[in-house]
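Okay, here's what each chain looks like letter by letter:
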Protein chains: 2
Amino acid sequence: MLLKTPYLLFLGDAVDPLAAKVAQGIKDWRPEHCVGQFRQPGCNADMGIDDLTIAQAVERGAKTLVVGVANRGGVISESWISVFEDALNAGMDIASGLHNLLIDEPRLVNLAEKTGQSLIDVRVPQHEYPIANGVRRKGKRCLAVGTDCSVGKMYTALALEQSLKKIGKLSTFRATGQTGILITGNGVPLDAVVADFMAGSVEWLTPDANDPNHWDLIEGQGSLFHASYSGVTLALIHGGAPDALILCHEPTREHMRGLPNYTLPTLEQLRDTALSLAHIVNPDCKVVGISINTAALSADEAKTLLADIEAKMGLPTVDPFRDSADRLAQALS
Amino acid sequence: MLLKTPYLLFLGDAVDPLAAKVAQGIKDWRPEHCVGQFRQPGCNADMGIDDLTIAQAVERGAKTLVVGVANRGGVISESWISVFEDALNAGMDIASGLHNLLIDEPRLVNLAEKTGQSLIDVRVPQHEYPIANGVRRKGKRCLAVGTDCSVGKMYTALALEQSLKKIGKLSTFRATGQTGILITGNGVPLDAVVADFMAGSVEWLTPDANDPNHWDLIEGQGSLFHASYSGVTLALIHGGAPDALILCHEPTREHMRGLPNYTLPTLEQLRDTALSLAHIVNPDCKVVGISINTAALSADEAKTLLADIEAKMGLPTVDPFRDSADRLAQALS
């Protein structure tokens, strides 16, 4: 594990609940990792768990203070730093996915050295990854691929893990981005890995399983159809060598995220492109289901759309947030 | 320009001509950049140009000593370092594509600081690249894509540049690997770029052209079908947004380079996969020709094979080394 659990969730002076979405993700998906939250004056987010001082958190066994809030203006403020210093002095590590790195703050670096604690910037690769060797591993792997970036791939994989657990199937969520890494305490920050080692880092993240029926649920990144990040997605497909693909889509998106001149592909285009590329490394790969983020639709609209897509594509189609990923989990068995 | 020209080619104690293939590439493709060569006792390579001392090279205007030889055993030897020190003292920069970095040699770093010269490790990105924005640029772009790694993509692009020049067409070779960068003095070491910035670095490398008929000839990397490096190749396709693709192939290769369990794709598979991915960013992209590395075949065998492939694929098919890239250049016009 990259991060020691359990955590104290640092919400700081979060301007609103959205600013604390990393903390929310940890609380939603790994409540057992959270001993409590630390909030400062002006904090407008609340995870509904105990507010603790640093001393109380240590008493409850907290090993890591996790920065669960986005900072304002790209600066780690003085009021945050003094809390982090208290945490280091009390024997906690600090973990963060902020763009501004903990290791760029000399006061924290000096103190961590003195106290023997770790500063873990999960955006920075913490390992030397190998070049991919393309060798098939034991166990099974599922990867969520999207028509675009930010369409719900991470959520889909986390919901799948929950649904598989309900039916007694073994699985492990494999994080490939900073939020996923903070949630699970482990993973590869794939978009920060050097090009030559991308696929190798995904192989490293999804090693041979002990049980041949164990599923690695690999967090997707980017999109094969997104000009800026498609190479990262292909490295995920070829490093992950998935047995199963799940197509993810947000039906109201008008253009590719950040690329106003690009329309989204159809689900059929995504299916055909992703599957033919996956077959290069795993000829048995199948598309097993579809995950639609219907947050922008009414309940009725969502129901109709899901049914329409299911009929057209011939695959179980769900919104894992509104419903659950249970039908996708069934499709994986 | 990353490197100042002209160069003194450092051949050191090259064990054989193959060990000096970087120097050979510079001499073959940019003879006008080479004032001479520097050889040490035991050197078994010869570029057929004047042997010069450091002082003589400076007199002839040499601005950069280029390490044109692979080192043995992964160490930059003492005898090399003393030559490099002489070059720095004489006012030359030093450029290298070795795995062992110049900037990891404290003696060279200290001296370069003192003399004000530069140590340029072309494997290390020398620039902060942007995230790709997917915006079409003026001018045209051609990219060589391969059924595998190391099938002649760089050679094809350099030969194309020569052939286009012969018929009075404007073009620029755009290097994406260390040898190409040393040859042309500029480029992006794509396999060392951080994942998120791969496609952006290729956009940066191939900016708007002044002349709408100017061709950027982008050096290919990896292969869409190579599990270890396919992500790099897709970033090249989506960052380069090519108008023309050239398919490259080595007909005697028994398996993908370094991946004994993977067979090569057919030229038809490469054509269809690369073209459909290129169409995401440039719907006008076409496959215009085929480049076959027939080094392992007799002249007769090569002639027959090229004719067979040309008939089957319906595209001009050449070995640019045996013949020239003239017919590919015609296809680009």
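Here, every reference points to the structure presented above.
Residues numbered from 1 in each chain as written. Chains lettered and ligands numbered in written order. Predicted model: local features only at pLDDT ≥ 70, side-chain atom pairs only at ≥ 80, totals over all residues. Heavy atoms only, no water.

1. Overview of the relation of the copies chain A and chain B
- Of the transformation placing chain A onto chain B, the axial shift is 0.1 Å and the rotation is 180 degrees, giving an RMSD of 0.1 Å. What we have between these two chains is a two-fold relation.
- The share of interface residues of chain A whose copies in chain B are also at the interface is 100%, consistent with both copies meeting through the same surface. (Least-squares fit on C-alpha atoms with pLDDT ≥ 70 in both. Contact = heavy atoms within 4.5 Å.)

2. Focus on the pairing of strand 8 (residues 215-218) of chain B
Residue and element names in this part refer to chain B.
- The two faces of strand 8 match: Trp-215 and Leu-217 on one face and Asp-216 and Ile-218 on the other face are all buried.
- In terms of strand pairing, strand 6 (residues 140-146) meets strand 8 through 4 bridges, oriented parallel. Bridge pairing in strand 8 places Cys-142 opposite Leu-217.
- For strand 7 (residues 171-174) and strand 8, the ladder comprises 4 bridges, and the chain directions are parallel. Each residue of the ladder has a partner; that of Arg-174, found in strand 8, is Ile-218. (Buried < 20%, exposed > 50% of the residue type's maximum accessible area, 1.4 Å probe, protein only. Helix = DSSP H or I, 4+ residues; strand = E, 2+ residues; numbered from the N terminus. Pairing = 2+ DSSP bridges.)

3. What about the side chain of His-214 of chain A?
Residues and elements named next belong to chain A.
- Summarising the element assignment, His-214 is placed in the loop between helix 7 (198-205) and strand 8 (215-218).
- For His-214, a relative accessible area of 12% puts it in the buried group.
- Among the polar contacts listed, one links the side chain of His-214 to the side chain of Thr-172, at a separation of 2.7 Å.
- If sequence neighbours within four positions are ignored, His-214 has contacts with Gly-139, Lys-140, Leu-170, Ser-171, Thr-172 and Ala-209. (Polar contact = N/O pair within 3.5 Å; in protein donor to acceptor, adjacent residues only side chain to side chain.)

4. So, the sheet that holds strand 4 (residues 93-96) of chain A
All names here are of chain A.
- Strand order in the open sheet formed by 5 strands is 2-1-3-4-5, with parallel pairing between adjacent strands. Two strands lie at the open edges of the sheet, namely strand 2 (34-39) and strand 5 (119-121), each paired on one side alone. Each adjacent strand pair in this sheet contributes to an overall mean axis angle of 20 degrees, direction not counted.
- With 3 bridges connecting them, strand 3 (residues 64-67) and strand 4 associate as parallel partners. Paired with Val-66 across the strands is Ala-95, a residue of strand 4.
- Relative to strand 1 (residues 7-12), helix 1 (residues 21-29) is tilted by about 150 degrees, and along the sheet it contacts strand 1, strand 2 and strand 3. (Axes fitted to C-alpha atoms, helices over the stretch in contact; angles between N-to-C directions.)

5. Re the interface of chain A and chain B
- Contacts between chain A and chain B engage 31 residues on the former and 31 residues on the latter.
- Both sides of the chain A and chain B interface together cover about 2600 Å² of buried area, and 61% of this is carbon and sulfur.
- Taken as a group, Asp-196, Tyr-262 and Ile-280 of chain A account for 19% of the area that chain A buries against chain B, more than any other trio of residues on that side.
- Seen at the junction of chain A and chain B, the total is 0 salt bridges.
- In this structure, the connection of chain A to chain B is made through 10 residue pairs in polar contact (both at pLDDT 80 or more). (Buried area = accessible area lost by both parts, 1.4 Å probe. Salt bridge = Lys/Arg side-chain N within 4 Å of Asp/Glu carboxyl O.)

6. Brief notes about the pattern of salt bridges
- In total, this model carries 32 salt bridges over all chains according to the counting rule given.
- Salt-bridge contacts for Asp-216 of chain A lead to Arg-141 of chain A; the nearest nitrogen and oxygen are separated by 3.6 Å. Placement of the pair is Asp-216 of chain A in strand 8 and Arg-141 of chain A in strand 6 (residues 140-146), with a sequence separation of 75 residues. Accessibility assignment for this pair places Asp-216 of chain A and Arg-141 of chain A in one class, buried.
- A salt bridge links Asp-50 of chain B to Arg-60 of chain B, with the nearest nitrogen and oxygen atoms 2.8 Å apart. Note that Asp-50 of chain B is positioned in the loop between strand 2 (34-39) and helix 2 (54-59) and Arg-60 of chain B in the loop between helix 2 and strand 3 (64-67), a separation of 10 residues in sequence.
- One salt-bridge network, held together by shared partners, links Arg-39, Asp-46 and Asp-51 of chain A.

7. Quick look at the environment of Arg-141 of chain B
All names here are of chain B.
- Taking the relative accessible area as the measure of exposure, Arg-141 reaches 3% and is therefore buried.
- In sequence terms Arg-141 and Glu-219 are 78 residues apart; their C-alpha atoms lie 11 Å from each other.
- Setting aside chain neighbours within four positions, we find Arg-141 in contact with Thr-206, Pro-207, Asp-208, Ala-209, Trp-215, Asp-216, Ile-218, Gly-240, Pro-242, Asp-243 and Ala-244.
- Here the side chain of Arg-141 touches Thr-206 through a polar contact of 3.2 Å, landing on its backbone oxygen.

8. Remarks on the packing of aromatic side chains
- A full pass over the atoms with the stated rule returns 14 aromatic pairs over all chains.
- Ring geometry for Phe-10 of chain B against Phe-38 of chain B: centres 5.9 Å apart, planes inclined by 25 degrees, an arrangement best described as stacked. One end of the pair, Phe-10 of chain B, is in strand 1 (residues 7-12); the other, Phe-38 of chain B, is in strand 2, and 28 residues separate them in sequence.
- Phe-10 of chain B sits in the buried class, given a relative accessible area of 0%.
- The class for Phe-38 of chain B is buried, based on a relative accessible area of 15%.
- Aromatic ring contacts, followed pair by pair, group Phe-10, Phe-38, Trp-80 and Phe-84 of chain A into a single cluster. (Phe/Tyr/Trp six-rings, centres within 6.5 Å; stacked < 30°, edge-to-face > 60°.)

9. Section: the nonpolar core
- Counting residues in hydrophobic clusters, the biggest one holds 88 residues, and the most contacted among them are Met-198 and Leu-245 of chain A together with Met-198 and Leu-245 of chain B.
- Counting residues per element, this core draws most heavily on helix 9 (residues 267-281) of chain A, which supplies 8 residues.
- Those residues in contact with Leu-245 of chain B, other than ones at most four positions away along the chain, are Leu-143, Val-145, Ala-274, Leu-275, Ala-278, Cys-285, Lys-286, Val-287, Val-288 and Gly-289 of chain B. (Core = buried A, V, L, I, M, F, W, Y, C linked by side-chain atoms within 4.5 Å.)

10. Side note on helix 10 (residues 299-313) of chain A
Residue and element names in this part refer to chain A.
- Between the first and last C-alpha of helix 10 there are 21 Å, a value that for 15 residues agrees with the 21 Å anticipated at 1.5 Å per step.
- Close packing links the buried residues of helix 10 with strand 9 (244-249), helix 9, strand 10 (286-292) and strand 11 (317-318).
- Positioned one or two residues after helix 10, Gly-314 has a phi angle of 70 degrees, which is positive. (Expected span 1.5 Å × (residues − 1).)

11. Looking at helix 3 (residues 78-89) of chain B
- For helix 3 of chain B, built from 12 residues, the straight-helix expectation of 16 Å at 1.5 Å per residue is met to within 8% by its first-to-last C-alpha distance of 17 Å.
- In the segment just after helix 3 of chain B, Gly-91 of chain B is the residue with positive phi, at about 95 degrees.

12. A closer look at the environment of Ala-62 of chain B
Residues and elements named next belong to chain B.
- Within the secondary structure, Ala-62 is located in the loop between helix 2 and strand 3.
- Through-space distance from the C-alpha of Ala-62 to that of Pro-130 is 33 Å; in sequence the pair is 68 residues apart.
- Beyond its immediate chain neighbours, meaning those up to four positions away, Ala-62 contacts Pro-6, Tyr-7, Leu-8, Val-35, Ala-57 and Met-92.

13. Here's the deal with the side chain of Ser-171 of chain B
Residue and element names in this part refer to chain B.
- Looking at where Ser-171 falls in the secondary structure, it is placed in strand 7.
- Judged by relative accessible area, which is 18%, Ser-171 ranks as buried.
- Non-local contacts of Ser-171, meaning those with residues more than four positions away in its chain, are made with Glu-161, Leu-164, His-214, Trp-215 and Leu-217.

14. Quick notes on the sheet that holds strand 5 (residues 119-121) of chain B
All names here are of chain B.
- Read from one edge of the open sheet, 5 strands run 2-1-3-4-5, paired in parallel fashion. In this open sheet, the two strands that pair with only one neighbour each are strand 2 and strand 5. Pairwise comparison of adjacent strand axes, ignoring direction, gives a mean angle of 20 degrees for this sheet.
- Taken together, the 5 bridges between strand 1 and strand 2 define a ladder with parallel strand orientation. The residue of strand 2 that forms the bridge with Leu-9 is Gln-37.

15. Focus on the packing of helix 3 (residues 78-89) of chain A against helix 4 (residues 106-115) of chain A
Residues and elements named next belong to chain A.
- Closest axis-to-axis distance for the helix 3/helix 4 pair is 10 Å, and the angle between their directions is 5 degrees. Here helix 3 is positioned roughly parallel relative to helix 4, judged by the angle of their axes. Contacts between helix 3 and helix 4 pair Glu-78, Ile-81, Phe-84, Glu-85, Leu-88 and Asn-89 from the former with Arg-107, Leu-108, Leu-111, Ala-112 and Thr-115 from the latter.
- Residues belonging to the contact of helix 3 with helix 4 are distributed by class as follows: 6 nonpolar, 2 polar and 3 charged. (Parallel < 35°, antiparallel > 145°, perpendicular 65-115°, else oblique. Nonpolar A, V, L, I, M, F, W, Y, C, P; charged D, E, K, R; others polar.)

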